[in-house]
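Fold and geometry: a report
The residues making up each chain are set out below.
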4 protein chains.
Amino acid sequence: MNLKEYCGIVGIYNKSEAANYVYLGLHALQHRGQEAAGIVSTDGIQFYEHKGCGLVNDVFNKNSISSLRGNVAIGHNRYSTFGDDSIANIQPLFAHFDMGQIAIAHNGNIINANRIKKKLVDDGAIFNSNSDTEVIIHLIARSQKTTFFDRLTDAVKVLKGAFSLIIMRENEIYAIRDPWGFRPLSMGKLDDATVFASETCAFDLIGAEFIRDISPGEIVVAGNEGVKHYSNVFDATNEKKCVFEYIYFSRPDSYLWGKNIYSIRKRMGEVLAEESFVEADIVIPTPDSGVPAALGFSKKSGIPFDFGLIRNHYVGRTFIEPTQTIRHFGVRLKLNPSKDVLKDKRVVVVDDSIVRGTTSKRIVKMLKSAGAKEVHLRISSPPVISPCFYGMDTPTKRELIASSHSTEEIRKYTTADSLEYLSIEGLKKVVGETGYCFACFDGNYPVEFDRE
Amino acid sequence: MNLKEYCGIVGIYNKSEAANYVYLGLHALQHRGQEAAGIVSTDGIQFYEHKGCGLVNDVFNKNSISSLRGNVAIGHNRYSTFGDDSIANIQPLFAHFDMGQIAIAHNGNIINANRIKKKLVDDGAIFNSNSDTEVIIHLIARSQKTTFFDRLTDAVKVLKGAFSLIIMRENEIYAIRDPWGFRPLSMGKLDDATVFASETCAFDLIGAEFIRDISPGEIVVAGNEGVKHYSNVFDATNEKKCVFEYIYFSRPDSYLWGKNIYSIRKRMGEVLAEESFVEADIVIPTPDSGVPAALGFSKKSGIPFDFGLIRNHYVGRTFIEPTQTIRHFGVRLKLNPSKDVLKDKRVVVVDDSIVRGTTSKRIVKMLKSAGAKEVHLRISSPPVISPCFYGMDTPTKRELIASSHSTEEIRKYTTADSLEYLSIEGLKKVVGETGYCFACFDGNYPVEFDRE
Amino acid sequence: MNLKEYCGIVGIYNKSEAANYVYLGLHALQHRGQEAAGIVSTDGIQFYEHKGCGLVNDVFNKNSISSLRGNVAIGHNRYSTFGDDSIANIQPLFAHFDMGQIAIAHNGNIINANRIKKKLVDDGAIFNSNSDTEVIIHLIARSQKTTFFDRLTDAVKVLKGAFSLIIMRENEIYAIRDPWGFRPLSMGKLDDATVFASETCAFDLIGAEFIRDISPGEIVVAGNEGVKHYSNVFDATNEKKCVFEYIYFSRPDSYLWGKNIYSIRKRMGEVLAEESFVEADIVIPTPDSGVPAALGFSKKSGIPFDFGLIRNHYVGRTFIEPTQTIRHFGVRLKLNPSKDVLKDKRVVVVDDSIVRGTTSKRIVKMLKSAGAKEVHLRISSPPVISPCFYGMDTPTKRELIASSHSTEEIRKYTTADSLEYLSIEGLKKVVGETGYCFACFDGNYPVEFDRE
Amino acid sequence: MNLKEYCGIVGIYNKSEAANYVYLGLHALQHRGQEAAGIVSTDGIQFYEHKGCGLVNDVFNKNSISSLRGNVAIGHNRYSTFGDDSIANIQPLFAHFDMGQIAIAHNGNIINANRIKKKLVDDGAIFNSNSDTEVIIHLIARSQKTTFFDRLTDAVKVLKGAFSLIIMRENEIYAIRDPWGFRPLSMGKLDDATVFASETCAFDLIGAEFIRDISPGEIVVAGNEGVKHYSNVFDATNEKKCVFEYIYFSRPDSYLWGKNIYSIRKRMGEVLAEESFVEADIVIPTPDSGVPAALGFSKKSGIPFDFGLIRNHYVGRTFIEPTQTIRHFGVRLKLNPSKDVLKDKRVVVVDDSIVRGTTSKRIVKMLKSAGAKEVHLRISSPPVISPCFYGMDTPTKRELIASSHSTEEIRKYTTADSLEYLSIEGLKKVVGETGYCFACFDGNYPVEFDRE
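Quick caveat, the model's predicted, so the values are computed rather than measured.

**Concerning the pairing of strand S10 (residues 193-197) of chain B**
Residue and element names in this part refer to chain B.
- Burial analysis of S10 places five of its five residues in the buried class, which makes it a mostly covered element.
- Where burial is concerned, the two faces of S10 agree: the one with Ala193, Val195 and Ala197 and the one with Thr194 and Phe196 are both buried.
- Pairing analysis gives four bridges linking strand S1 (residues 8-13) to S10, with the strands arranged antiparallel. Note that in S10 the partner of Val10 across the bridge is Ala197.
- Relative to S10, strand S9 (residues 186-190) is paired through five bridges, and the arrangement is antiparallel.

**Concerning the domain arrangement of chain A**
All names here are of chain A.
- According to the domain assignment, chain A contains domain 1 (8-237) and domain 2 (264-432).
- Relative to domain 2, the C-alpha centre of domain 1 lies at a distance of 35 Å.
- The interface of domain 1 with domain 2 comprises 10 residues on the first partner and four residues on the second.
- Broken down by secondary-structure element, the contributors of at least two residues to the side of domain 1 that touches domain 2 are strand S6 (100-110) and strand S7 (161-169).
- The element best represented in the side of domain 1 that touches domain 2 is S6, accounting for three residues.
- Tallied by class, the residues present in the side of domain 1 that touches domain 2 amount to four nonpolar, five polar and one charged.

**What to know about unusual backbone geometry**
- Here the bond from Gln91(B) into Pro92(B) is cis, since omega is -5°, no more than 30 degrees from zero.
- The topology assignment puts Pro92(B) in the loop between strand S4 (72-78) and strand S5 (93-97).
- Look at the link from Pro287(B) to Asp288(B): it is a cis peptide, with omega at -10°.
- Position of Asp288(B) among the secondary structure elements: in the loop between strand S17 (282-285) and helix H10 (291-301).
- One non-glycine residue with positive phi stands out, namely Asp344(B), at about 65°.
- With respect to the helices and strands, the residue Asp344(B) is situated in the loop between helix H12 (339-342) and strand S20 (346-351).
- In this structure Asp344(B) comes out as exposed when scored by C-beta crowding, with 8 C-beta atoms within 10 Å.
- For Trp257(D), which is not glycine, the phi dihedral falls at a positive 50°.

**Focus on the relation of the copies chain D and chain C**
- Mapping chain D onto chain C leaves a residual RMSD of 0.0 Å; the transformation is a rotation of 180° accompanied by 0.0 Å of translation along its axis. Within this description, the copies of the chain are treated as partners about a two-fold rotation axis.
- Taken as a fraction of all interface residues of chain D, those also at the interface in chain C reach 100%, which identifies the copy contact as same-surface.

**A short note on the interface of chain D and chain C**
- At the interface, 19 residues of chain D touch 19 residues of chain C.
- Mapped by element, the contributors of at least two residues to the side of chain D that touches chain C are strand S5 (93-97), helix H4 (113-122) and helix H5 (134-142) of chain D.
- In terms of residue class, the side of chain D that touches chain C is built from 10 nonpolar, five polar and four charged.

**A look at the pairing of strand S2 (residues 36-42) of chain C**
Residues and elements named next belong to chain C.
- Within S2, seven of the seven residues are buried, which leaves the element mostly enclosed by the surrounding structure.
- Relative to strand S4 (residues 72-78), S2 is paired through seven bridges, and the arrangement is antiparallel. Each bridged residue has a counterpart across the sheet, and for Gly38 the counterpart in S4 is His76.
- Judged from the seven bridges that link them, S2 and strand S3 (residues 47-53) form a sheet pairing that is antiparallel.

**Quick look at the sheet that holds strand S11 (residues 209-213) of chain B**
Residue and element names in this part refer to chain B.
- Ordered by their spatial adjacency, seven strands build an open sheet running S3-S2-S4-S1-S10-S9-S11, and the pairing between neighbours is antiparallel. Among the strands making up the open sheet, the edge pair consists of strand S3 (47-53) and S11. Between one strand axis and the next, the sheet turns through 15° on average, direction left out of account.
- Pairing analysis gives four bridges linking S9 to S11, with the strands arranged antiparallel. Opposite Met187, over in S11, you have Arg212 as the bridge partner.

**Thoughts on the environment of Phe277(A)**
Residues and elements named next belong to chain A.
- Here Phe277 is to be found in the loop between helix H9 (261-275) and strand S17 (282-285).
- By C-beta crowding, Phe277 is classed as partly exposed, having 17 other C-beta atoms within 10 Å.
- Sequence-wise, Phe277 and Glu420 are 143 residues apart; in three dimensions their C-alpha atoms are separated by 9.3 Å.

**Things to note about the arrangement of the chains**
- A gap remains between chain B and chain C, which never touch, and the nearest two C-alpha atoms on either side lie 13 Å apart.
- Across all C-alpha pairs, the smallest distance from chain A to chain D is 13 Å, and the two are not in contact.

**A closer look at the sheet that holds strand S17 (residues 282-285) of chain C**
Residue and element names in this part refer to chain C.
- The four strands lie next to each other as S17-S20-S21-S22, forming an open sheet whose pairing is parallel. Looking at which strands have only one partner, the edges of the open sheet turn out to be S17 and strand S22 (418-421). Ignoring which end each strand starts from, the neighbouring axes of this sheet average 20° apart.
- Judged from the four bridges that link them, S17 and strand S20 (residues 346-351) form a sheet pairing that is parallel. Across the sheet, Ile284 pairs through a bridge with Val349, a residue of S20.
- Of the strands in this sheet, S17, S20 and strand S21 (374-379) are in contact with helix H10 (residues 291-301), which crosses S17 at around 165°.

**What to know about the packing of helix H9 (residues 261-276) of chain C against H10(C)**
All names here are of chain C.
- The N-to-C vectors of H9 and H10 enclose an angle of 45°; their axes lie 6 Å apart at closest approach. Judged on the interaxial angle alone, H10 and H9 are oblique. The two elements H9 and H10 cross, and the hand of that crossing is right-handed. Facing H9, whose interface residues are Tyr262, Arg265, Lys266, Arg267, Met268, Gly269, Glu270, Leu272, Ala273 and Glu274, H10 presents Pro292, Ala293, Ala294, Leu295, Gly296, Phe297, Lys299, Lys300 and Ser301.
- A class-by-class count of the residues in the contact of H9 with H10 yields nine nonpolar, three polar and seven charged.

**Points about the confidence of the model for chain A**
Residues and elements named next belong to chain A.
- Residue-level pLDDT values for chain A average 90, and 92% of them are 70 or greater.
- For the stretch residues 1-5, pLDDT sits under 50, and the model shows 21 contacts to residues farther than four places along the chain or on other chains.
- A low-confidence stretch, residues 321-328 stays under pLDDT 50, and its non-local contacts, those more than four residues away or across chains, total 10 contacts.
- Scored as a complex, the prediction yields pTM 0.88 and ipTM 0.88.

**Considering helix H15 (residues 407-414) of chain B**
Residue and element names in this part refer to chain B.
- Taken as a whole, H15 has its buried residues at Ile410, Arg411 and Thr414. End-on, the buried residues of H15 take up no more than an arc of 105°, which puts them together on one face. H15 presents Glu408 and Lys412 as exposed residues on the side facing more than 90 degrees away from its buried surface.
- Each element contacted by the buried residues of H15 is listed here: helix H13 (358-369), strand S21 (374-379), helix H14 (401-404) and strand S22 (418-421).
- At the exit of H15 stands Thr415, carrying a positive phi of roughly 65°.

**Some thoughts on helix H5 (residues 134-142) of chain C**
Residue and element names in this part refer to chain C.
- Counted residue by residue, H5 has nine buried out of nine residues, so it is predominantly covered.
- Of all the residues in H5, the buried ones are Glu134, Val135, Ile136, Ile137, His138, Leu139, Ile140, Ala141 and Arg142.
- Looking at the buried side of H5, the elements it contacts are strand S5 (93-97), strand S6 (100-110), helix H4 (113-122) and helix H6 (148-158).

What counts as what
- Residues numbered from 1 in each chain as written.
- Chains lettered and ligands numbered in written order.
- Predicted model: local features only at pLDDT ≥ 70, side-chain atom pairs only at ≥ 80, totals over all residues.
- Buried ≥ 20, exposed ≤ 12 C-beta atoms within 10 Å, placed from the backbone.
- Helix = DSSP H or I, 4+ residues; strand = E, 2+ residues; numbered from the N terminus.
- Pairing = 2+ DSSP bridges.
- Domains from an automatic or database assignment.
- Contact = placed C-beta atoms within 7 Å.
- Nonpolar A, V, L, I, M, F, W, Y, C, P; charged D, E, K, R; others polar.
- Least-squares fit on C-alpha atoms with pLDDT ≥ 70 in both.
- Axes fitted to C-alpha atoms, helices over the stretch in contact; angles between N-to-C directions.
- Parallel < 35°, antiparallel > 145°, perpendicular 65-115°, else oblique.
- Left-handed = near helix turned anticlockwise from the far one by under 90°.
- pLDDT = per-residue confidence, 0-100.
- Arc of directions from axis to C-beta.

In structure tokens form, the structure reads like this:
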């Protein structure tokens, strides 16, 4: 799938050269946002920041990392949502307020941000960024409560939507997940240091030990007095974890909400095979995201697994525009079909999802022109019919092909010989009946939105 | 002299490719700030910004200039005062508030900024920069008045100290000078466009016509309804124009407060010669700042003018640290003595001012080692005894050699054969008795300060 | 495997914006050399060049590509062999000589280069690079023959060792393979243009059609009079194609010497399974190079294929040095084990080769610490016992673990429960008995070398 | 004047961190070439090089300087002549030849280079650059003599034209001036180190002591056995030092051929005043090159010296194209007239030379539009009627306004009220009757040229 995903966040408390670890953590979370990156660190007195557009390795170098002093640091990988490219919008955001300094890294989407912003602005607030996240700092700064913790809870209780937050003050880090728990956030341990990250693969890279997920609605504080947690801050609500993290966002080696991503995707492929078996010679994935489901499909169906599309891993930043002589350039730049594998074969090709349908169409054509006799498209998630408002960058409803076309119409469009999606029931069989947001598949939005 | 000076600002209203002109204006004002530069433009709907550290030509290129769309733009050259190097502190500052968008460029120093900031922060404001200037936006945003003009006057009436401001909204530019008139700000005209700039040399470069200085305490608005001006906004106060603009800051080709900088500096040299004539063979300047005064000294004294120190104009960014074998490296990198001119001569060397005394000492040594028989140091301004709090970057009182040493002691330190300063009376003879701030020379601060 | 491979070369004749296509071709060949890249183009009169250190996308941008004018261009991706990092060593090399201008791109290693160089230098030649390739230009320039073709054949007949060459003159391109045919070179067609490239995957990317491999000892000329080929230039010799191109160098989607790389590697895995079956629960590859052989092993053995090591594809340029708290950092940065897949499993892990043994050791440890009960290492090529002198960057004999250790000793070193290599017979079963250089496996060097 | 000048060269032998000193020397010689710079150093075994396009400070940074190891180094500032922008043309050139390694830095122009090159190329030589300088290395490499010194003399005796050379081998540096002595080259001493540089200002900056000029036709060798010099290498010839070094090229603080540049230029102004006195109110220079002559003119004529044109020293790299509303942009960017100084005055403006006449025309217009009543143009050198072939970048004869127009016609073109040049006799009165090349003024070329 080609969805662009939202943001990775990392924080570490009580580790010398903290920014080094955050840098590596952002590296491990690079798949969650390639447009910009930033780190803010503190030595307990001053805050140090470095931000820029591009991949983690484009933004940082040895000098910039070593200028980020102190034992506490937080970082952010960004895929832009509603903000633009200005450096003021790159997170972590930083501000002075009456209790000192504060920096904040946010993964998610606050759906009542505009309403809150309007109220704040009417009340004399000024905004330096287009980021929704800035409202959180304003809410904290304007709370009349006397302790920072009370002000923080004042602030986050106003927010609706998806927010996994890492907030840094001079001597502590706060990790927060919204009461619905849309976006992931995990806690780990590295010697005496406490680490927070969007995904556990960041812990693996820096050699930290995964402890547990932050719970929906929970606030965890790592500070001088150790690690404390608060679970009764928000009103009771139903857990609504984003099921798309399982399907596409998270890295296969991460463990999320008690499950390994790779294993759960393989299981989706198995159920998909149960639901939509087809006689074929080989099962191939769309690399890399379709690999685990294709393995699962192969295992359950007994049809041999193979690679019929070879991915070029150096690609991604080519600047030469495709000329007309180079057809389907964008896809071809990334994928090249293996004629040897495909020739005269009945092929099941497994992808994780279909958004606009254009990529699927190109892949089917590519496979057929490489000699495939039949191409059976199998999608390891249900049709995406509704846009996401909680921090996933789906296109508008109009652009979602499944919002207005039947599966048979989509099949015709892609020219596949057959097309089957994993059913919602099938998906629930894998992940569990409840506790997830399935809005992109069923249109039932767990939190009403009022974005003007 | 080696004082680092404060900021140049430019704005243009109603000119296609406005950012081009602001870029060139910043170029002409490069001497007022070499650490950072920024431009914000608007097409009436959106604001566009580009900022960075370094010289104007390091920060901008064709692409960045052409991305700054619209017919209205303002720009800023920065020498950092109390802020640090973070990009958030580079001006023009930009914000959203309840009446839309705003950008602001500031030259000067607001001495009650901390007090105001504290009050705002106590009241829930957050600050994204360390810049004093951000308080102005907050004051405007929080004013209860209904029109922007009333809010603006609400805001600026609270400020104490030095502020020449250029403020941009979607469809207008405001130019303001504080009621004391510390820092310069001029208005010009280029076809139908209105231009504002710290110095008139910016008008010359872009082919604009100089109209007049903005008066102390005046607000000028260039907008849809033409150019309006308001002079009764502030309480009456005494004009206190910074006399150091005449002595060192401004570019010699600028016209300021009715006088040409070059001519006034030459005149200072003449009066200096009247006050402290000495028998000598040649008068030489410390290039480039001492040139006009040395010419004046030569003219009045009848002693021939010559160049005994040659300046290397490519220098300024050499990164190799001087080793011990290269003595007086810093000065030598910029200046090289002409033995032919100096040998066996009695030399009057004219500089614009002495701050710490170290540079003067090195220059005297350089001249003597090149063969000068006598070196008579003549300074075309009085001894600097007190630091400036209005936007000039003087060192602390402790570092000002004249704050704790007599002229004779300074002479001994520099090893000059004689040392004379222009008297305050002499200075007043040139610039006029009143209307200026002489605080750096006499310690009489026209606006009390309360910086904690 | 971790061998660093040698060079990719591309050329295109008779295509407008030729440099665009060469740029894309170099992109497709990025796996053959990541240290430097260069393109030289010609409009028939002048030559244009652009070179630099780094990946293709670091070296080129729109401006540099568009400055490379003309309908003829050649390019080179470099992995440095005996030259150093100086820009003078980056290919294509360019020179003026008595017949005009010439540019040359070389893949391979000329083993008598030093001897030739010495002779040339003794004879008054000067060398601007450390590259072996420069001798070829000298030989051409010094030949007494009257036509370029005769001079070229004079030159290349002197060379011993591996050389696939693309040579550009003002109006023609020559493609040459040494008589042993060590390194690959293929010819394709794009509309009226003739294309040459190290691997066919470059043709796929630009939409060109693969025509055929250049034969060992063949010279192909694309020029005004169409495409001509000459096969009787060199003395008869035995074909000695580098078998390691099949094992590791070439991209899996390329077709080489009549075979698809992916398929041949899968077949190696099958034969490996026949030779060294072991009872196990899963077969996993070392990503990405071990994937096809692991699939083949799984297919033949019936043991299920899975991914037990997840590869992070963004990695490769991290600059932070591993601290002691981050053990096995280098490998971990690229690979992360899947506990879910590995836990309590008997694991067959398939890699393409073992060079020093250190990576294998780390991978075995990684798998065991992730819970694998048994780890059986299977290598889809024979033990590498001798260094390569024909353009493959193997370490010295001393560093090759198999040159001085038995398979059992290597097994112990890696802590694997069993270790088996593909036998030479097995390898020949897959690729064919003759026509290949197996020197790295058997020490029989087909061309004697005399490098001092 | 706007002539672009040719090349500065520096070398140092026997100084730790030699490249540091060469870097600083290039800095001091920046006025001799702003297009490219390079340094080659050696530790006695290996050569290290770093080159690039731009100013010295654009090309080098701390890292690149520290990578240039060893106690011997040479450097080059380049203004391109017949070569293009390719990095291969940036000096010092470097090569391997049969006696080891060699690097060479050249200031001047070899007029029989093409003829030599053709012969070398016919004889099988290949050329990697378009630089004339490469022929020298070839000649050395091909000489049949047994010692390097004999080969070197073999080589340089073939050359005709202008060449000041610094040549580096593993353990020695050679400094050479052509027998006519067109271009300068001086020797200095810094502790135990021997330093060579185009101008003595480079010695001043690094704290070296000037010893003497290298004589025309002299070869000086600094090596293990100390400093040796050889004066009888070339056939006897007449000294033809470039008089334009005195007029424009060299920095005013340099000492050249026994004279201080600044003093000699002042003296030219004095003689100019004797020859072409005119009644006027002020004498002003075209900054900066006209300053010393204007001072001399003022001294001799008794007309007061002043600055009527203020130079902006930050300018030089502005990329915005002048629009039509900004007339005379190029000149205005650098110079701004002082109305205060010029208004109603009869002005003598002194420039060092006129090439095309366009700049002079703009300056006269600028002065008049600033209020000058009369403008008398005085040029401190004779009319430039013939192009230079010895390393000065004059335009073609056609473009030299004085080659085809009388002084009165040029006066009319510039709109000056009067125009006078220094006569050739006047010039000789200052510099001496003989020993100089006056070809640009009288067309008598001391070395015949045969450039095809």
